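An overview of the molecular structure
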Amino acid sequence: MGYSRYDLESPYSQFCYVCSGVGCEQKKSEDLYRNIKNEVRNRGIGASVQVVRTGCFGLCEKGPIVKMLPEETVYIDVKPEDAAELVERHLVKSEIVTRLQLKDTARRPHLEVKNDRGHYQKQVRIVLRNCGKIDPENIDEYIAREGYGALDKALFEMTPEQIIEELKLSGLRGRGGAGWPTWLKWNFGRKAAAAAGTAYVVCNADEGDPGAYMDRSTLEGDPHSVLEAMTIAAYTIGATQGYIYIRAEYPLAIKRLETAMKQARDYGLLGENILESGFSFDIEIRLGAGAFVCGEETALIASIEGERGTPKPRPPFPTDSGVWGMPTVINNAETWANIPVVILRGGKWFARIGTENSKGTKVFALTGKVNNTGLVEVPMGTTLREIIYDVGGGMQEGKAFKAVQTGGPSGGVITAGHLDTPIDFDNLAKLGSMMGSGGMIVLAEDDCIVDVTKFYLEFSVEESCGKCAPCRIGTRKMFNILDRFTKGTARPDDLWNLEVIADATKKASLCGLGQSAPNPILSTLQYFRHEYLAHIDDETCPAGVCKDLMKYSIDAEKCIGCTVCARKCPVACIDGKSKELHVIDQERCIKCGACVAACKFDAVLIA
Amino acid sequence: MARKSREDLRLHRERVRTKLKEDDNNADLIQVLVGMGTSGIAAGAPGVKAALIEQCKLHGIENVRLRQVGSLGLDFAEPVIEIRMANMPDTIYGPMTAELVPDIIEKHMLDRELVGRYVQHRPAPDMMED
Ligand SMILES: Cc1cc2nc3c(=O)[nH]c(=O)nc-3n(C[C@H](O)[C@H](O)[C@H](O)COP(=O)(O)O)c2cc1C
Ligand code: SF4
Ligand code: SF4
Ligand code: SF4
Ligand code: FES
């Protein structure tokens with residue numbers, strides 16, 4: 001870290017960071033900042049100490065936060081009244097104010113890391129270790145950070161059995177959705193390859209889940225980690241050819257992969273006789289046309305072979321019969337990015353992070369109604385509360401939390417009651433959601449559960465390849481029913497219909513797309529049945545999203561008859577004389593909301 | 001660069017590592033890392049990069065090296081840059097704009113003073129330094 005280059009000859013010998021992120025601001029960090037500044041000025045140390053307001057530390061629940069540099073002491077729960085003590089003792093007398101200091105004992109076992117410095121943070125970055133650190137188009141920067149060291153170790157110091165053993169120790173499970181143990185997959189592939197005489201390795205970077213972009217970011221920021229990992233797998237199972245299946249909509253990731261592959265070949269890290277070990281392996285990029293179903297492994301294989309990307313029944317599994325009928329190991333891009341670390345640091349090192357049956361970290365694409373949207377990488381076992389209220393900086397505009405959608409069109413929701421559940425493969429499945437690829441959309445009180453669910457079903461209808469009827473027809477029917485809910489035309493038996501079709505589609509579909517397409521419905525019905533019912537029984541949308549269910553009316557108490565709304569209404573459906581109560585004609589109202597915005601007296605009501 | 005043996009790779013790693021460390025310890029060098037992933041680019045990173053080049057020239061700062069890096073994942077703060085120079089803590093700034101660039105140059109680079117409000121935190125410690 002650059003702090004080592006930091007010396008006391010700079011104009012400022014100390015910096016005092018005061019968090020002014022939204023979370024801390026709500027807890028008076030602005031007053032705290034002013035008090036600290038005043039205290040610093042009053043003590044005449046303003047020339048050597050700079051006090052600055054900064055963005056969120058990712059510790060909002062413990063806010064307001066103050067961090068002192070260069071010592072890197074972090075203080076939590078600092079009140080405006082604490083300013084004098086902090087300045088006097090820390091900045092003037094160079095003491096630690098232990099009362100307010102963040103102590104490392106607060107950390108939980110899944111966060112255990114050897115070196116304590118800086119580890120107060122919730123994020124641990126293994127997959128994203130190089131993202132934002134190195135120039136992805138310069139192989140030397142990757143090499144400098146132990147890049148291709150794992151390949152070196154694997155080729156020259158480890159047998160394929162030892163590599164698989166290390167993977168087994170690590171407990172690494174696939175990050176593409178199903179969470180299949182990676183060592184098991186490689187082991188099957190290796191055994192089948194021995195019999196078949198050849199094999200393939202594939203990187204799945206199709207990333208079709210609409211809320212996910214962690215694979216894109218990994219490939220854009222650190223393409224060599226995936227190339228290195230695939231080469232290690234090829235050596236392990238005995239493959240000579242690999243494919244990266246990536247959607248054509250990711251031009252920057254493709255360009256950086258191509259650059260990386262060329263540089264790796266130039267260095268002898270890819271191609272013939274890698275590092276003069278006698279082992280040869282090369283990789284080709286295959287572009288996907290952006291169909292969600294092509295991320296399913298059997299469809300992906302067909303697509304690599306130049307066929308139409310439609311799924312096939314499994315078994316046979318790709319590890320037995322994959323690309324060109326040969327044993328094939330397919331892993332997700334994020335899974336691959338973990339491999340070099342597992343090999344270099346060892347399975348045991350990796351397995352210290354995470355929970356009993358889910359080791360390591362998971363990258364989530366945090367979007368929706370949180371303050372700090374973006375990619376976050378947290379140890380398995382981190383709770384939703386930590387992700388949303390610490391890492392995510394809390395809810396936007398202080399809105400009430402409603403649920404988190406994980407797993408995209410194959411997943412479901414997690415509700416406030418489960419905010420403290422440690423997130424891992426098994427716990428999410430138990431809650432009726434799934435890890436999926438790692439999309440995490442935070443929903444607030446003003447998001448309609450039925451509307452969100454409809455969005456995913458619409459996606460599944462569009463993405464269904466049409467090969468089998470249960471999925472092709474089932475997703476369409478489910479979408480139509482949800483559409484009726486949001487339009488206020490649902491029939492009393494529609495809830496029942498929805499459940500029956502969901503169940504049938506789940507059981508009878510050929511591939512994972514159809515089998516999991518009902519999940520968003522089943523999960524939301526489990527936790528938000530009342531919200532569905534409100535759409536039928538009360539003909540209202542509690543979140544105020546479904547336009548067709550909204551009624552605009554004018555409050556007789558508040559309306560002064562100023563006529564503004566009548567003039568603003570685009571369909572002229574508001575009637576009333578000047579200085580008299582105005583009335584909205586419900587039949588003609590198109591629910592545009594113009595009258596609400598126009599009325600200065602808050603007289604227009606929405607129900 | 002020629003194809004490498006295992007030995008060559010190790011020697012090469014030592015060479016580039018030493019070189020990068022020298023840059024880090026070079027009191028006369030200012031390094032600016034610009035986050036150039038899709039999210040950074042979409043938020044305007046290329047414009048910020050251009051402004052940095054232009055404004056450094058205008059301020060007569062020649063000892064600056066701009067490096068493109070992938071995304072730190074701080075989408076809410078994109079475009080994101082990181083400044084590494086002697087006598088200042090490594091500092092991440094975002095959301096950056098071209099308009100903010102002169103401020104960053106004059107305050108941070110020349111006066112060695114942080115530009116408050118735009119300072120962001122590194123989301124996680126660097127595991128490679130454990
Ligand atoms: C409809 C459907 C879409 C899928 N899309 C993806 C995808 O975009 N990326 C991915 O890695 N896996 C996807 N999968 C999972 C893959 O079939 C496969 O399980 C995964 O690539 C295996 O890698 P892993 O063991 O590393 O998780 C999808 C599965 C289904 C059923
Ligand atoms: S379940 Fe859907 S996507 Fe899968 S094969 Fe059947 S129709 Fe195609
Ligand atoms: S704008 Fe408001 S106060 Fe004026 S007539 Fe319409 S409802 Fe009444
Ligand atoms: S919602 Fe629109 S259409 Fe309906 S009354 Fe108000 S302005 Fe007129
Ligand atoms: S807002 Fe201060 S730590 Fe998040």
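Residues numbered from 1 in each chain as written. Chains lettered and ligands numbered in written order. Predicted model: local features only at pLDDT ≥ 70, side-chain atom pairs only at ≥ 80, totals over all residues. Heavy atoms only, no water.

1. Points about the overall build of chain B
The secondary structure content of chain B amounts to 4 helices and 5 strands. Starting at the N terminus and ending at the C terminus, chain B contains elements arranged as α-β-α-α-β-β-β-α-β. Its C-alpha atoms give chain B principal-axis dimensions of roughly 50 × 30 × 30 Å. Burial status across chain B gives 55% buried among its 130 residues. When the accessible area of chain B is evaluated, it comes to approximately 5,400 Å², of which 51% is carbon and sulfur surface. Mean positive and mean negative side-chain charge positions of chain B (18 and 21 charges, respectively) differ by 8 Å. (Helix = DSSP H or I, 4+ residues; strand = E, 2+ residues; numbered from the N terminus. Buried < 20%, exposed > 50% of the residue type's maximum accessible area, 1.4 Å probe, protein only. Areas by Shrake-Rupley, 256 points an atom, 1.4 Å probe, with all protein chains shown as cover. Lys, Arg positive; Asp, Glu negative; His and termini not counted. Charge placed at Lys NZ, Arg CZ, Asp CG, Glu CD.)

2. Focus: the site of ligand 4
Taken together, 14 residues lie near ligand 4, and Cys569(A), Cys589(A), Cys592(A), Gly593(A) and Cys595(A) sit nearest. Its residues assigned to classes, the shell around ligand 4 comprises 12 nonpolar, 1 polar and 1 charged. (Near = heavy atom within 4 Å. Nonpolar A, V, L, I, M, F, W, Y, C, P; charged D, E, K, R; others polar.)

3. Describing the sheet that holds strand E11 (residues 401-406) of chain A
All names here are of chain A. Pairing is mixed across the open sheet formed by 5 strands, whose spatial order is E10-E9-E13-E11-E12. Looking at the sheet topology across the chains shown, the edges are occupied by strand E10 (374-379) and strand E12 (412-415). Strand-to-strand twist in this sheet, taken as the mean axis angle between neighbours without regard to direction, amounts to 30°. Relative to E10, strand E9 (residues 361-368) runs antiparallel, the two sharing 6 bridges. Of the residues in E10, the one forming a bridge with Thr361 is Pro379. On top of the sheet, helix H8 (residues 214-221) reaches E9, E10 and strand E13 (439-444); it is set at about 115° to E9, its chief contact. (Pairing = 2+ DSSP bridges. Axes fitted to C-alpha atoms, helices over the stretch in contact; angles between N-to-C directions. Contact = heavy atoms within 4.5 Å.)

4. Observations concerning the interface of chain A and chain B
Tallying the contact residues gives 78 residues for chain A and 57 residues for chain B. On inspection of chain A and its partner chain B, the count reaches 9 salt bridges. Among the ionic pairs, Glu30(A) bridges to Arg117(B), the shortest N-O distance being 3.6 Å. Our count for the chain A to chain B interface comes out at 35 residue pairs in polar contact (both at pLDDT 80 or more). Grouping the amino acids of the side of chain A that touches chain B by side-chain chemistry returns 30 nonpolar, 23 polar and 25 charged. (Salt bridge = Lys/Arg side-chain N within 4 Å of Asp/Glu carboxyl O. Polar contact = N/O pair within 3.5 Å; in protein donor to acceptor, adjacent residues only side chain to side chain.)

5. Things to note about the site of ligand 2
The full set close to ligand 2 counts 13 residues, and Cys465(A), Lys467(A), Cys468(A), Cys471(A) and Cys511(A) are the nearest of them. Residues that form the shell around ligand 2 fall into these classes: 8 nonpolar, 4 polar and 1 charged.

6. Topic: unusual backbone geometry
All names here are of chain A. Looking along the chain, the bond that leaves Leu69 and enters Pro70 is cis, with omega of 5°. Take Pro70: it is sitting in the loop between strand E3 (66-69) and strand E4 (73-75). A cis amide bond links Pro315 to the next residue, Pro316, at an omega of 5°. In this fold, Pro316 is placed in the loop between helix H11 (297-304) and strand E8 (328-332). In this structure, Ser94 takes a positive phi of about 55° despite not being glycine.

7. Notes on the domain arrangement of chain A
All names here are of chain A. Annotation of chain A at the domain level lists domain 1 (14-111), domain 2 (139-348), domain 3 (361-444), domain 4 (449-536) and domain 5 (551-606). Relative placement of domain 3 and domain 4: their C-alpha centres are 22 Å apart. Facing 15 residues of domain 3, the contacting portion of domain 4 comprises 15 residues. Carbon and sulfur atoms make up 64% of the surface buried where domain 3 meets domain 4, a total of about 1,200 Å² over both sides. Per-residue buried area on domain 3 facing domain 4 is highest for Lys402, Pro409 and Val413; these three make up 43% of the total on that side. For the pair domain 3 and domain 4, the interface holds 1 salt bridge. Note that Lys402 is salt-bridged to Glu531, the shortest N-O span being 3.0 Å. Mapped by element, the contributors of at least two residues to the side of domain 3 that touches domain 4 are E11, E12 and E13. Class assignment for the residues of the side of domain 3 that touches domain 4 results in 6 nonpolar, 8 polar and 1 charged. (Domains from an automatic or database assignment. Buried area = accessible area lost by both parts, 1.4 Å probe.)

8. A look at the side chain of Ser39(B)
Mapped onto the secondary structure, Ser39(B) falls in helix H2 (residues 38-43). The class of Ser39(B) is buried, set by a relative accessible area of 16%. Separated by 3.4 Å, the side chains of Ser39(B) and Glu78(B) make a polar contact. Sequence-distant contacts of Ser39(B), that is, excluding residues within four places in its chain, are made with Arg216(A), Ser71(B), Asp75(B) and Glu78(B).

9. Describing the confidence of the model for chain A
Residues and elements named next belong to chain A. Chain-level pLDDT for chain A is 92 on average; 96% of the residues reach the 70-or-more range. Counting interchain partners and residues more than four positions distant, the pLDDT-below-50 stretch residues 1-8 has 28 contacts. Across residues 114-118, confidence stays below pLDDT 50; counting only partners more than four residues off in sequence or on other chains, it has 10 contacts. (pLDDT = per-residue confidence, 0-100.)

10. Digging into the pattern of salt bridges
Residues and elements named next belong to chain A. For the structure shown, the criterion picks out 54 salt bridges over all chains. For the salt bridge of Glu85 with Arg99, the shortest nitrogen-to-oxygen distance reads 2.7 Å. With Glu85 in helix H3 (residues 83-92) and Arg99 in the loop between H3 and helix H4 (139-144), the pair connects residues that are 14 residues apart, well separated along the chain. On the basis of relative accessibility, which here comes to 26%, the residue Glu85 falls in the partly exposed class.

11. Here we look at helix H3 (residues 45-58) of chain B
Residues and elements named next belong to chain B. Given a rise of 1.5 Å per residue, 14 residues ought to cover 20 Å, and the 20 Å separating the end C-alpha atoms of H3 matches this to within 8%. Turning to H3, its buried residues number three or more, namely Ala45, Val48, Ala51, Leu52, Gln55 and Cys56. One side of H3 carries all its buried residues, which in axial view fall inside an arc of 125°. For H3, the exposed residues set more than 90 degrees away from the buried face come down to Lys57 and Leu58. Turning to H3, the residues buried within the fold contact strand E1 (30-35), H2, strand E2 (64-69), strand E3 (81-84) and helix H4 (101-110). (Expected span 1.5 Å × (residues − 1). Arc of directions from axis to C-beta.)

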